[in-house]
Amino acid sequence: MTQEVIDEKYMQRCIQLARNGLLTAKPNPMVGAVLVHEGRIIGEGWHVRCGEAHAEVNCFASVRPSDEALVPFSTLYVSLEPCSHYGRTPPCADLIIRKRVPRVVVGTIDPFAEVRGRGIRKLREAGVEVTVGVLESACRRLNKRFFTFHTCHRPFILLKWAQTANGFIGLPPALPGVETGALQLSNAFTRMLVHQLRAEYDAILVGRITDEREHPQLNVRHWSGPDPERIVLSHETDLTSELQRLYAGQRQSLIVEGGAVTLQSFIDQGLWDEIRVETAPFAVSAGTRAPLLPPDIRVAEREEYDGNVIIHYERTPQ
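Everything in this summary refers to the structure shown in the same document. (Residues numbered from 1 in each chain as written. Predicted model: local features only at pLDDT ≥ 70, side-chain atom pairs only at ≥ 80, totals over all residues. Heavy atoms only, no water.)

## As for empty space enclosed by the protein
Move 1: Tallied over the entire structure, the rule returns 1 cavity of 30 Å³ or more.
Move 2: Of the pockets and cavities examined, the largest cavity occupies roughly 130 Å³.
Move 3: As for the largest cavity, its lining consists of 16 residues, of which Leu-22, Lys-26, Met-30, Arg-145 and Gln-252 are closest to the centre.
Move 4: Here the lining of the largest cavity takes 3 residues from helix α6 (residues 144-152), the largest share from any one element.
Move 5: Looking at the lining of the largest cavity, its residues break down into 6 nonpolar, 5 polar and 5 charged. (1 Å grid on protein atoms, 1.4 Å probe; cavity = no way out; pocket = protein on both sides within 12 Å on 5 of 7 lines; lining within 4 Å. Points joined across faces, edges and corners; volume = space filled by probe spheres on them. Helix = DSSP H or I, 4+ residues; strand = E, 2+ residues; numbered from the N terminus. Nonpolar A, V, L, I, M, F, W, Y, C, P; charged D, E, K, R; others polar.)

Laid out in structure tokens, this is it:
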């Protein structure tokens, strides 16, 4: 194998490890680290919880005493640039230098203002060989919410709705026998996926009309994890001001679940990062139309569960 292929192999392992911190590491990023000596992994670690040891520290701590002598002859892989500043924990770049690791492979640079290339520079100034950008897109995608929060100064925004095969998201309120206009579109499995998604986000938002008609709980009752902050948007609320409030409150991610007017307002103002649309395999004759998808999108992923199709959209690269 070429060095490039080898580096990608171990960086993929870093990403796998990092995902273990999905619900516990935030507001810090998810990070994984792997220490390799001549094709053998001698240490692994990830950032478990904010305020506790970083991935690199846990990786070095996992090295068996019999392998300690191999550390100065090994390569450290880490999915995000090692920190170089004192926060709740000491700088990981200093630890790497003290351990005399000769080569470090980094997935992507940390966008956080206190780091942003300083960790890499410190390592190189200490004589460490540093390779940057291995599986960079995947490493950035891993922490898409963290990156958006620190680069755009607002939460990462996911717009989400479910619709019928002919593009309706709700029944008319005046339809005989239906008081609220609610329409059950998700099946048991996709409903569970929605609750899993909610557990990963810091806040969830619906419009006033949706709240009054459907009384959504917007919690995580079909999954294990923390409930997101529940927000009901009134007509008087300015979207930019609400996003600024969430940013100031360290809310890194937001799901917008409805209704159609609220979703369309986010689309029209370009306030979105991903769109998730679930389509049920049946049609209705009338109701509330789904929002219009923006033109600058592409399909990122397509899934199908018991007849329901879920399509994830992302922005088309400029």
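## Here's the deal with the sheet that holds strand β3 (residues 75-80)
Move 1: Judged by pairing direction, the sheet is mixed, and its 5 strands sit side by side in the order β2-β1-β3-β4-β5 without closing on themselves. Unpaired on one side and paired on the other, β2 (40-46) and β5 (129-132) mark the two borders of the sheet. Mean inter-strand twist for the sheet, computed between neighbouring axes without regard to direction, equals 15 degrees.
Move 2: Its contacts with the sheet put helix α4 (residues 118-125) on β4 (103-108) and β5, and the angle it makes with β5 is roughly 150 degrees. (Pairing = 2+ DSSP bridges. Axes fitted to C-alpha atoms, helices over the stretch in contact; angles between N-to-C directions. Contact = heavy atoms within 4.5 Å.)

## Regarding the layout of surface pockets
Move 1: Approximately 1,100 Å³ is the volume found for the largest pocket.
Move 2: Lining the largest pocket we find 44 residues, and of these Thr-210, Glu-214, Pro-216, Glu-257 and Gly-258 sit closest to its centre.
Move 3: Elements that contribute at least two residues to the lining of the largest pocket include exactly β6 (156-163), β7 (168-170), α7 (188-200), β8 (203-207), α8 (208-214), β10 (253-258) and α10 (260-268).
Move 4: At 5 residues, α8 tops the list of elements feeding residues into the lining of the largest pocket.
Move 5: Of the residues that constitute the lining of the largest pocket, the class distribution is 16 nonpolar, 19 polar and 9 charged.
Move 6: Estimated volume of the second largest pocket: approximately 800 Å³.
Move 7: Lining of the second largest pocket is provided by 24 residues; of these, Lys-144, Arg-145, Glu-200, Glu-301 and His-312 occupy positions nearest its centre.
Move 8: Every element with two or more residues in the lining of the second largest pocket is listed here: α1 (3-18), α5 (136-142), α6, α7, β11 (274-279), β13 (297-305) and β14 (308-315).
Move 9: Across the lining of the second largest pocket, the residue classes tally to 11 nonpolar, 3 polar and 10 charged.

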